[in-house]
Amino acid sequence: MEKITRDALKKALLDITDEIEANQDYLSELDAAMGDGDHGVSMTLGWRAVAEKIKSLEDPTIADLLKTTGMALVSSVGAAMGPLYGTGFIRAAAAAGDAESLNLSQLTKVFEAFRDGVMQRGNAQVGDKTMVDTIVPAVDALKGAEESGSDLISALRAFVVAAEEGMKSTIPLQSKVGRSSRLGERTIGHQDAGATSCYLIFKTFARSVAGGSL
Amino acid sequence: MEKITRDALKKALLDITDEIEANQDYLSELDAAMGDGDHGVSMTLGWRAVAEKIKSLEDPTIADLLKTTGMALVSSVGAAMGPLYGTGFIRAAAAAGDAESLNLSQLTKVFEAFRDGVMQRGNAQVGDKTMVDTIVPAVDALKGAEESGSDLISALRAFVVAAEEGMKSTIPLQSKVGRSSRLGERTIGHQDAGATSCYLIFKTFARSVAGGSL
Amino acid sequence: MKKLINDPYKVVDEMLAGFVKAHPNYVRMVHPRGLVRKAPPKKGKVGLMIGGGSGHKPAFIGYIGEGVADGVAVGNVFASPPPEPALEVTKAIDTGAGVLYSYGNYQGDILNFNMAAELAAMEGIRVETVLVTDDIASAPKDQMEKRRGIAGDFFVFKIAGAMAETMASLDEVKRVAEKANFNTRTMGVALSGCTVPAAGKPIFTLGENEMEIGLGIHGEPGVRRGKLETADEVATDITERIIADLPFQSGDEVAVLVNGLGATPYMELYIVYRKVAEILADHGISIYRSYVGEYVTSLEMAGCSVTLMRLDDELKRLLDAPADTPFFVQK
Amino acid sequence: MKKLINDPYKVVDEMLAGFVKAHPNYVRMVHPRGLVRKAPPKKGKVGLMIGGGSGHKPAFIGYIGEGVADGVAVGNVFASPPPEPALEVTKAIDTGAGVLYSYGNYQGDILNFNMAAELAAMEGIRVETVLVTDDIASAPKDQMEKRRGIAGDFFVFKIAGAMAETMASLDEVKRVAEKANFNTRTMGVALSGCTVPAAGKPIFTLGENEMEIGLGIHGEPGVRRGKLETADEVATDITERIIADLPFQSGDEVAVLVNGLGATPYMELYIVYRKVAEILADHGISIYRSYVGEYVTSLEMAGCSVTLMRLDDELKRLLDAPADTPFFVQK
Ligand SMILES: Nc1ncnc2c1ncn2[C@@H]1O[C@H](COP(=O)(O)OP(=O)(O)O)[C@@H](O)[C@H]1O
Ligand SMILES: Nc1ncnc2c1ncn2[C@@H]1O[C@H](COP(=O)(O)OP(=O)(O)O)[C@@H](O)[C@H]1O
Ligand SMILES: [Mg+2]
Ligand SMILES: [Mg+2]
Ligand SMILES: [Mg+2]
Ligand SMILES: [Mg+2]
């Protein structure tokens, strides 16, 4: 496998919906420890909307799929997640342009745009204990793999490993932004909910597009 | 012992206050099973007021003591208990007249007046699952003992035994009056709170005036 | 028991101290357990005294003011006040036109308020009484005089208070209060019990999947315990029973009150209201005015009740009349 | 989780359906998640849009009406609404004079409302924003811009709404809202957690003798957990902190709000109020007006907050102005 087709992307987005729904309680529990306990609910609502919208698209392009995902998240979730993930996907769509499929180099550009969208919208940096802590190392790993000439599958593997490490890196951190930042030191020792949902999204994306080979 | 002196009555009333306070939670629990769970609270508040008022009396007569008790109950408790017990004691005071002490015949008249006061105020009959179920058999026993010429101590003993039986007789009954009557069959199997507080009052009175001899 | 209190035996006195301080423009104290309107009563106006135990906020002290009550006698938690505060309130609000007592139909309240009425009569004040008996779960219809007063209190007090404001006679105020009561029916459910502060333990506890059906407002258990149902099922069950009880009929106009018992979020009350409105529409009964919120509570009990009052032109006019009290203001 | 609901994912839509049916004279829907006043806006009046997640009733939809908000964008439980309903509300309430957005300082709300403001600007509507930042427990004073908005919302919305009613310009409405916010400080405690319906589990649970101190209004834990204290201790602790924060000084006049979080009986709120009033008197701070009740809640959480707003003549006038909304009526 060297490219991600539209169909593979579509399937991946629907797989993400299932994964989020399956982890709803887990995400809400993580959020409850230092936030308002609704992250699983927001994500489930958002991804249900994504799945519904995506299923109704006729012959969508890569950009259509990403933009529809972003718009569905922005217009259905609210919370912090709607604008953050939503902006990420909308920017990713713009970066995809009219690509018919995504090779590793194109995929890297798409994820860089996703990362930049989330970071510009939310102004969080690595170490603030947010989804950014998952995104940045994961996208770095993708970029690194691309630059070192690895194949798509190995790159996706590095991407998932880095995302997981990024997610886990939030555990010892003290929250600096968002709702949980008001809890100060009480946030130390808890894995961030958004970093976790982001890991689930990245992991499911990679596994889904890679088929059995990851 | 053939007579109940003013001092003995005064001591008995203060002993009742202690007994009620010691059984506060028990009385509230009984009430909670089929009422609003406050009988212990109402009784404690009422008898604390009684003790306070009685202690401040200078050289009270029998009637003063009973009337003060009744007035304290009427004016401090509210609930069903204030008017019911209050009226009972106020009528008892009237029946005591200017007696300097109470022999068995006088005591019987005092308790009959108490009974009539409660029953006229509340309109409850034996079998309605109220304090009346304690009062009526207890006063009947006192009267019976008097008529059969028994001494004060034996009469008080019969009085307490009958009061206890009366209290227990409420267990299988279905409530007919008061707050609990709305619960219908759910009241069956529970001992009535007012019947119990009345038994505690009667028992403590008898034991207190009899000294060690009951 | 977790409560923001100090001495559990002083909750009522401390609450009243706070209340009088918070609402100096509305109320004044005439007895440590008796409050009346701040403004002296208009000469010739019938006084409306309401009252009962504490723990039902905003009932009863929250309803002192223009268009509702002139005075309130305040008892301990879930315990009727003694006669004395009721008598002092009666004396303070009587202007010669007499005083209407209106309160829920409970033994303790009746015993104490009747004693107060007797004492007032001895001072030459005419007192009439209208007991609220809206709780259809508390006795069958052929024993209406045995029914408890619960959230329907609010409608009866509102109507009586509005009528008194028109300077109507005591007989007239009594007549509309009785009419309001006759046309008002309520039923409720509880999802949790509550705790009398000085008792320190919940009156009853419920399992995760249980509810009490047909309960009063003193934390007492309901007439039966059932399994927890959805909001729509609960609303359907109690609304259909209420409709059948009067019975309310197609073409009737009603006021609706969905009342929270204390701990139930308003969100849930509106979800219940939505279904009640649907059912009324199905029956051809039209909603003239609605109230959703906490009007008569039972400490921190979770649950709600639904009340319907059938209206005629007179009741509509009185319901629409303005009111200005600490907890209920209507323009 | 015991709630009177149907589908936990539909609580907000069903609540809104009930709300609109219950208060047809106050509100109408312009979007499934956007409500505005029933009466069309007066030409030239600045529109006030408030909003945020659901679960805070009476905030936010309970405050739509004369003297307070023109419109509300409604989110899911404890989740900011998306930009779309906010945009639709903005369009419906703009009369050419612009729209003020005012809401609590939360990341999610800011992100979504800012997107709506950008979209509104593209349609030629001027939008200004005043974030409420009254919670002194949520950040130190030198980082006031990080503080959350909690019960102080009520004062800021009331003041801004009253100013808009005078036909003042957007800049003027913004100015008084900022002034109100700057002078408003709040702190709260919780005695129990609450449950987001779709999450199904309490956000946190507390032991029999614990309380959360300095909590928000989304059921989130507070800044620390401590042992349960008496009402007087709690009131003293939070009132002294609030006084020291602004700082409020002898001679100041203040408005006081003792706000229940959802499940706490009014009785307890008045017991707390009593102590707050005592402490203010000790400091020579005088109470101009008081509010005690549920103004901004957190579902069925037990607990309360205390809010003080320092007043000048302008704020007093605006606070005294009449209001007529489903949940807050002032004559
Ligand atoms: N500024 C930000 N940038 C990126 N992610 C953020 C930011 N603020 C918060 N988050 C993420 O949002 C998550 C919380 O999301 P969610 O619970 O859905 O929203 P809310 O806080 O509105 O309830 C946090 O775990 C964190 O990862
Ligand atoms: N009509 C009555 N006559 C005599 N006793 C009564 C009557 N009604 C109620 N009681 C007694 O009152 C008791 C309840 O008292 P209490 O809990 O103090 O009052 P409340 O019902 O007002 O909460 C019942 O257990 C019953 O024994
Ligand atoms: Mg959250
Ligand atoms: Mg009782
Ligand atoms: Mg009682
Ligand atoms: Mg949230």
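These figures come from a predicted structure and were not determined experimentally.

1. Let's talk about the state of the cysteines
Argument step 1. Tallied over the full model, the rule gives zero disulfides over all chains.
Argument step 2. Left without a disulfide partner, C:C194 is nearest to the cysteine sulfur of C:C304, which lies 15 Å away.

2. Structural notes on the coordination of the magnesium ion (ligand 3)
Residues and elements named next belong to chain A.
Argument step 1. Donor atoms from the polypeptide that coordinate the magnesium ion (ligand 3) comprise D31 (OD), D36 (OD) and D38 (OD), at 2.0 to 2.2 Å from the metal.
Argument step 2. On the primary sequence, the residues serving as donors to the magnesium ion (ligand 3) are separated as D-x4-D-x1-D.
Argument step 3. Taken as an interatomic distance, the gap from the magnesium ion (ligand 3) to the magnesium ion (ligand 6) is 3.5 Å; D36 donates to each of them.
Argument step 4. Residue class for D31 comes out buried when judged on its relative accessible area of 14%.

3. Brief notes about the site of ligand 2
Argument step 1. Near ligand 2, the surroundings consist of 21 residues, among which B:H39, B:G122, B:D192, B:G194 and C:Q107 are the closest.
Argument step 2. The residues that come close to ligand 2 belong to more than one chain, namely chains B and C.
Argument step 3. Separating an oxygen atom of ligand 2 from a side-chain N or O atom of B:D38 is a distance of 3.0 Å.
Argument step 4. B:G122 is positioned such that a nitrogen or oxygen atom in its backbone is 2.9 Å from a nitrogen atom of ligand 2.
Argument step 5. Protein contact buries 96% of the 560 Å² of open area that ligand 2 shows by itself.

4. So, the interface of chain A and chain D
Note: interface size is frequently given as the accessible area lost on complex formation between the parts.
Argument step 1. In this assembly, 33 residues from chain A lie in contact with 35 residues from chain D.
Argument step 2. When chain A packs against chain D, the two sides together hide about 2600 Å² of surface, and 52% of this comes from carbon and sulfur.
Argument step 3. For the chain A face of the interface with chain D, the top three residues by lost area are A:R179, A:R182 and A:R186, together amounting to 28%.
Argument step 4. Inspection of the region where chain A meets chain D yields two salt bridges.
Argument step 5. For D:E212, the salt bridge goes to A:R186, with nearest N and O atoms at 2.7 Å.
Argument step 6. In this structure, the connection of chain A to chain D is made through ten residue pairs in polar contact (both at pLDDT 80 or more).
Argument step 7. Listing elements by their share of the side of chain A that touches chain D, those giving two or more residues are α2 (24-34), α3 (39-55), α4 (62-76), α5 (81-96) and α6 (104-122) of chain A.
Argument step 8. In terms of residues, the side of chain A that touches chain D owes the most to one element, α2(A), which gives six residues.
Argument step 9. Its residues placed into classes, the side of chain A that touches chain D shows twelve nonpolar, eleven polar and ten charged.

5. Focus: the packing of aromatic side chains
Argument step 1. Tallied over the full model, the rule gives 46 aromatic pairs over all chains.
Argument step 2. Measuring from ring centre to ring centre gives 5.8 Å for B:W47 and B:F89, while their planes differ by 80°; the resulting arrangement is edge-to-face. Note that B:W47 is positioned in helix α3 (residues 39-55) and B:F89 in helix α5 (residues 81-96), a separation of 42 residues in sequence. There is no split in this pair, since B:W47 and B:F89 are both buried.
Argument step 3. Between C:Y291 and C:Y295 the ring centres are 5.9 Å apart and the planes differ by 80°, which places this aromatic pair in the edge-to-face class.
Argument step 4. Site record: aromatic cluster; members linked through ring pairs are A:W47, A:Y85, A:F89, A:F111, A:F114, A:F159, A:F202 and A:F205.
Argument step 5. For the cation-ring pair, A:R48 lies above D:Y9, with the distance from its terminal atom to the ring centre recorded as 4.3 Å.

6. What to know about the site of ligand 1
Argument step 1. Taken together, 21 residues form the shell around ligand 1, and within it A:M81, A:G122, A:D192, A:G194 and D:Q107 come nearest.
Argument step 2. More than one chain approaches ligand 1, the contributing ones being chains A and D.
Argument step 3. Backbone polar atom of A:A80 to an oxygen atom of ligand 1: 3.3 Å apart, as the coordinates give it.
Argument step 4. Starting from 570 Å² of accessible surface for ligand 1 in isolation, the protein chains cover 96%.
Argument step 5. When residues of the shell around ligand 1 are traced back to their parent elements, those giving at least two are α3, α5 and α9 (193-210) of chain A.
Argument step 6. Counting residues per element, the shell around ligand 1 draws most heavily on α9(A), which supplies three residues.

7. Some remarks on the domain arrangement of chain C
Residues and elements named next belong to chain C.
Argument step 1. Domain parsing of chain C yields domain 1 (11-182 + 319-330) and domain 2 (184-312).
Argument step 2. Domain 1 puts 34 residues into the contact, and the matching count from domain 2 is 40 residues.
Argument step 3. For the pair domain 1 and domain 2, the two sides together bury roughly 3100 Å², of which 62% comes from carbon and sulfur.
Argument step 4. Between the two partners, domain 1 and domain 2, sit three salt bridges.

8. Considerations on the interface of chain D and chain C
Argument step 1. Taken together, the 58 residues of chain D in the interface contact 58 residues of chain C.
Argument step 2. Here chain D meets chain C over a buried area of about 5000 Å², counting both sides, of which 66% is carbon and sulfur.
Argument step 3. Here C:K3 and D:E268 are joined by a salt bridge, their closest N and O atoms 4.0 Å apart.
Argument step 4. Joining chain D to chain C, the criterion identifies 20 residue pairs in polar contact (both at pLDDT 80 or more).

9. A closer look at the pattern of salt bridges
Opposite charge on two side chains permits pairing when their charged atoms draw close.
Argument step 1. Applying the stated criterion to the full structure yields 81 salt bridges over all chains.
Argument step 2. Of the charged contacts in the structure, one is a salt bridge between C:R37 and C:E165, with a shortest N-O distance of 3.1 Å. Placement of C:R37 in strand β2 (residues 34-37) and of C:E165 in helix α4 (residues 153-165) is noted, with a sequence separation of 128 residues between them.
Argument step 3. Assessed through its relative accessible area of 12%, C:R37 is described here as buried.
Argument step 4. Salt-bridge contacts for D:R175 lead to D:E172; the nearest nitrogen and oxygen are separated by 3.0 Å. Placement of the pair is D:R175 and D:E172 together in helix α5 (residues 170-182), with a separation of three residues, close to one helical turn.
Argument step 5. Take D:E172: its relative accessible area is 29%, and that puts it in the partly exposed class.

Procedures and definitions
Residues numbered from 1 in each chain as written. Chains lettered and ligands numbered in written order. Predicted model: local features only at pLDDT ≥ 70, side-chain atom pairs only at ≥ 80, totals over all residues. Heavy atoms only, no water. Disulfide = S-S within 2.5 Å. Donors = N, O, S within 2.8 Å, 3.2 Å for Na, K, Ca; no water. Buried < 20%, exposed > 50% of the residue type's maximum accessible area, 1.4 Å probe, protein only. Near = heavy atom within 4 Å. Polar contact = N/O pair within 3.5 Å; in protein donor to acceptor, adjacent residues only side chain to side chain. Areas by Shrake-Rupley, 256 points an atom, 1.4 Å probe, with all protein chains shown as cover. Contact = heavy atoms within 4.5 Å. Buried area = accessible area lost by both parts, 1.4 Å probe. Salt bridge = Lys/Arg side-chain N within 4 Å of Asp/Glu carboxyl O. Helix = DSSP H or I, 4+ residues; strand = E, 2+ residues; numbered from the N terminus. Nonpolar A, V, L, I, M, F, W, Y, C, P; charged D, E, K, R; others polar. Phe/Tyr/Trp six-rings, centres within 6.5 Å; stacked < 30°, edge-to-face > 60°. Lys NZ or Arg CZ within 6 Å of the ring centre and 35° of its normal. Domains from an automatic or database assignment.

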